[in-house]
Amino acid sequence: MISGMFRFLLLLTALSATAATSPAVAAATAAAPHDYVHPDAEIATAPVEVDGRVLFRVRGVTSFPAQSRADAIADRIERFASEPGVDPSKVSVSESGDYTAIMLGERRIMALFDADARIEEMEREDLALATAERISRAIADYRSERSPEALRRHAIQAAAAVAALVAVVALLIWLTRRLLALLEKRYRNRISSLGIQSFQIVRAERIWYVLGAAVSVLRLLVIVIATLGCLDFVLNGFPWTRGFAEELTDILIRPLKTMAEGLLGYLPDLIFLAILAVVVRFVLRLIRLFFNAVARGSVELENFDAEWAWPTYKLVRFAVIIFAVIVAYPYIPGSQSEAFKGVSLLVGVVVSLGSSSMIANLIAGLMITYRRAFKVGDRVMIGDVVGDVTEVRLQVTHLRTLKNEEVTIANSLILNGYVVNYSSLAEEQGVILHATVGIGYETPWRQVEAMLLMAVERTQGLLKEPPPYVLYKGLGDFCVTYEINAYCRDAKAIPLVNAKLQRNILDVFNEFEVQIMTPNYHDDPQQPKLVEKGQWHAAPAATEMAEGAAKNSATSAGGP
């Protein structure tokens, strides 16, 4: 350390003596005193660039970093090169003890130390000669490239390059269009016919789309490469833009290089992910084929309904995909980074906060499926909505009402409420239709029961077996409440059959002159509230009856 300080003091003494001998050298030294650095410092290097070309690299110290030293030397070279009276052949080397000065006439350009030579692994004198030659050539190039003749020549070349680029792009677009037209003329019909024969029309169209997209991408890639090449040629020809051209190339190449290195680094993981995707796809296809066979009835499982096949397939598929994601997660590029973990955590929080109702509906949909509450096609009543089940999904159930309206009900509401299924027992045991009437005490109950059973016999759609029956709902203040019950096997025909039953009850009671007291009764009327038999078919009912009689006669005669 002491010897280093002693050499530094000697260097300052020698420089002071030189400055006293030559005023030009003293002025140059005062203008750039930081160019002199400690020879024992170990620091990074920085390039000295002139017009975008790297001449050499220099070191620095803590108080005067390498980049600052390199910029100072480059500015000095450009300043000297800009002076018309300066002769670049006058660049010389001057030894000064602990350092070597590179001079232009009597003005110093830079100083080289032993530490600079150690970086290049050569002697300081040899490094100084090579650096002086490089500076001399850089000054000569600086001037020649800015001469009117050189600028004019490169301007013409740049214009020709741009014109050639335009011609190449136009020719490339024309050629690719002709190529696509030729491919479409010769091969598209073959691809389409192949798709029809193998029942893969969509895949055939997709193959054709991918082929066209590949040609377009290739054309774009060639255009981009040609444009970058032209831009690099034009910018490199002018000294003011040569540095920008180098930076532009570095900006474009660096991401590609980084991606290529990353791809090579992740190549084993990507191969594993590709194999995992193929295996999972194959397993899912096998599972789908199995449950498809179960749904068709080709494969029968004990205590497993066929309509459970597709909901169970969805559950198994979801479980397989989740398992595959868990296995693949450590192999996903960047999965171990803090950013990826943060995004995963954020997605998990958002999903957990926003999917509570969705998960409730999913669980409810699964429970509804396996509880056999209803199936597609059943006539049900959910809450106050009556309709046919058209679709059962994991989230919602779709009903078509009797008015041909589609109602969507969340599965969680169905699970928390009640469901009336009219179809589940209709085909085997039948659904009971009922109608209630209130009849005065003066009418014998046996007569009322017989009339209600007669109304059932006249109603098409009601079964004789099991036999209908009459219930006595209560003895009211003014009348007795009777309820007729009859069986029907068609759950979807209940509204029409019930309407026929109500009409037949009215006809039978009018026919036997028995007054129906409901819905309200205040006092006995002077005359019973009946419809005389002669008025049963009053207009327009008379017309309808005549049409019905004509139709019946035509049918009996063998008409359609």
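Residues numbered from 1 in each chain as written. Predicted model: local features only at pLDDT ≥ 70, side-chain atom pairs only at ≥ 80, totals over all residues. Heavy atoms only, no water.

A. Structural detail: a negative patch on the surface. A surface patch of like charges, here negative, comprises Glu49, Asp71, Asp75, Glu246 and Glu247. Of all the secondary-structure elements, those providing two or more residues to the negative patch are α3 (66–81) and α8 (242–265). The topology assignment puts Asp71 in helix α3. Accessibility expressed as a relative area gives 38% for Asp71, which makes it partly exposed. (Patch = residues over 30% accessible without salt bridge, like charges linked within 9 Å, V, L, I, M, F, W, Y side chains within 5 Å. Areas by Shrake-Rupley, 256 points an atom, 1.4 Å probe, with all protein chains shown as cover. Salt bridge = Lys/Arg side-chain N within 4 Å of Asp/Glu carboxyl O. Lys, Arg positive; Asp, Glu negative; His and termini not counted. Charge placed at Lys NZ, Arg CZ, Asp CG, Glu CD. Helix = DSSP H or I, 4+ residues; strand = E, 2+ residues; numbered from the N terminus. Buried < 20%, exposed > 50% of the residue type's maximum accessible area, 1.4 Å probe, protein only.)

B. Layout of the sheet that holds strand β5 (residues 107–113). Taking strand neighbours across the sheet as the criterion, the 3 strands line up as β3-β4-β5 in an open arrangement whose pairing is antiparallel. A strand with exactly one partner marks an edge of an open sheet, and here the two such strands are β3 (91–95) and β5. With strand direction ignored, the average angle separating the axes of adjacent strands in the sheet is 25°. As paired elements, β3 and strand β4 (residues 99–104) share 5 bridges and run antiparallel to each other. (Pairing = 2+ DSSP bridges. Axes fitted to C-alpha atoms, helices over the stretch in contact; angles between N-to-C directions.)

C. Inspection of the environment of Arg57 at higher detail. Its location among the elements puts Arg57 in strand β2 (residues 53–59). Side chain to side chain, Arg57 and Thr45 meet in a polar contact 3.0 Å long. (Polar contact = N/O pair within 3.5 Å; in protein donor to acceptor, adjacent residues only side chain to side chain.)

D. Highlighting the side chain of His154. Structurally, His154 is set in helix α6 (residues 148–197). Residue classification places His154 among the buried positions, given a relative accessible area of 7%. From its side chain, His154 meets the backbone oxygen of Phe233 in a polar contact 3.5 Å long. Among the polar contacts made by the side chain of His154, one reaches the main-chain carbonyl oxygen of Val234 at a distance of 3.0 Å. Residues in contact with His154, not counting those within four places in the same chain, are Phe233, Val234, Gly237 and Phe238. (Contact = heavy atoms within 4.5 Å.)

E. Region of the structure containing the pairing of strand β9 (residues 406–410). Pairing analysis gives 5 bridges linking strand β8 (residues 396–401) to β9, with the strands arranged antiparallel. Residue pairing for β9: His398 is matched across the bridge by Thr408. Adjacent in sequence and paired antiparallel, β8 and β9 are bridged by 4 residues, among which Asn404 carries a positive phi angle near 60°.

F. Up close: the packing of helix α9 (residues 267–296) against helix α10 (residues 309–328). The geometry of α9 relative to α10 is characterised by a closest axis approach of 10 Å and an angle of 170° between their N-to-C directions. On the basis of the axis angle, α9 is roughly antiparallel to α10. Of α10, the residues touching α9 (which contributes Phe272, Leu273, Leu276, Val280, Leu284, Ile287, Arg288, Phe291, Asn292, Val294 and Ala295) are Ala309, Trp310, Thr312, Tyr313, Val316, Arg317, Val320, Ile321, Ala324, Val327 and Ala328. A per-class count over the contact of α9 with α10 returns 18 nonpolar, 2 polar and 2 charged. (Parallel < 35°, antiparallel > 145°, perpendicular 65-115°, else oblique. Nonpolar A, V, L, I, M, F, W, Y, C, P; charged D, E, K, R; others polar.)

G. Broad picture of the sheet that holds strand β12 (residues 469–475). Taking strand neighbours across the sheet as the criterion, the 3 strands line up as β11-β13-β12 in an open arrangement whose pairing is antiparallel. On the outer flanks of this sheet lie β11 (431–440) and β12, each paired with one strand and no other. Put simply, the sheet's adjacent strands are angled 25° from each other on average, direction ignored. In this sheet, strand β13 (residues 479–488) lies alongside β11 in antiparallel orientation, the contact comprising 10 bridges. Note that in β13 the partner of Ile432 across the bridge is Tyr487. Here helix α14 (residues 445–457) sits on the sheet and contacts β11, β12 and β13; the angle it forms with β13, its principal contact strand, is near 30°. Most of the contacts of helix α15 (residues 494–511) go to β11, to which it runs at about 25°, and overall it touches β11 and β13.

H. Just the environment of Met451, in detail. Topologically, Met451 is positioned in helix α14. By relative accessible area, which is 3% here, Met451 ends up buried. Beyond its immediate sequence surroundings of up to four residues, Met451 is in contact with Val508, Phe509, Phe512 and Val514.

I. Layout of the pairing of β4. Counting buried residues in β4 gives 6 out of 6 residues, a clear majority hidden from the surface. Hairpin connection from β3 to β4: 3 residues lie between these consecutive antiparallel strands, with Gly97 at a positive phi of about 80°. Here β4 runs beside β5; their pairing, made up of 6 bridges, is antiparallel. Among the inter-strand pairings, Met103 is bridged to a residue of β5, identified as Arg108.

J. Inspection of the packing of α3 against helix α5 (residues 124–145) at higher detail. At a minimum axis separation of 9 Å, α3 and α5 run at an interaxial angle of 55°. Our classification of the angle between α3 and α5 gives oblique. Taken as a pair, α3 and α5 cross one another with a handedness that is right-handed. For the pair formed by α3 and α5, the contact residues are Ile77, Glu78, Phe80 and Ala81 on the first element and Ile135, Ile139, Tyr142 and Arg143 on the second. Class assignment for the residues of the contact of α3 with α5 results in 6 nonpolar, no polar and 2 charged. (Left-handed = near helix turned anticlockwise from the far one by under 90°.)

K. Region of interest: the pattern of salt bridges. With the rule as written, the count across this model stands at 9 salt bridges. Between Glu145 and Arg53 there is a salt bridge, with the nearest N and O atoms lying 2.6 Å from each other. Here Arg53 lies in strand β2 and Glu145 lies in helix α5, a separation of 92 residues in the sequence. Between Arg69 and Asp116 there is a salt bridge; the shortest N-O distance is 3.2 Å. Here Asp116 lies in helix α4 (residues 114–120) and Arg69 lies in helix α3, a separation of 47 residues in the sequence. One network of salt bridges, with partners in common, ties together Glu95, Asp114 and Arg124.

Function-wise, these values are silent; they only describe arrangement.
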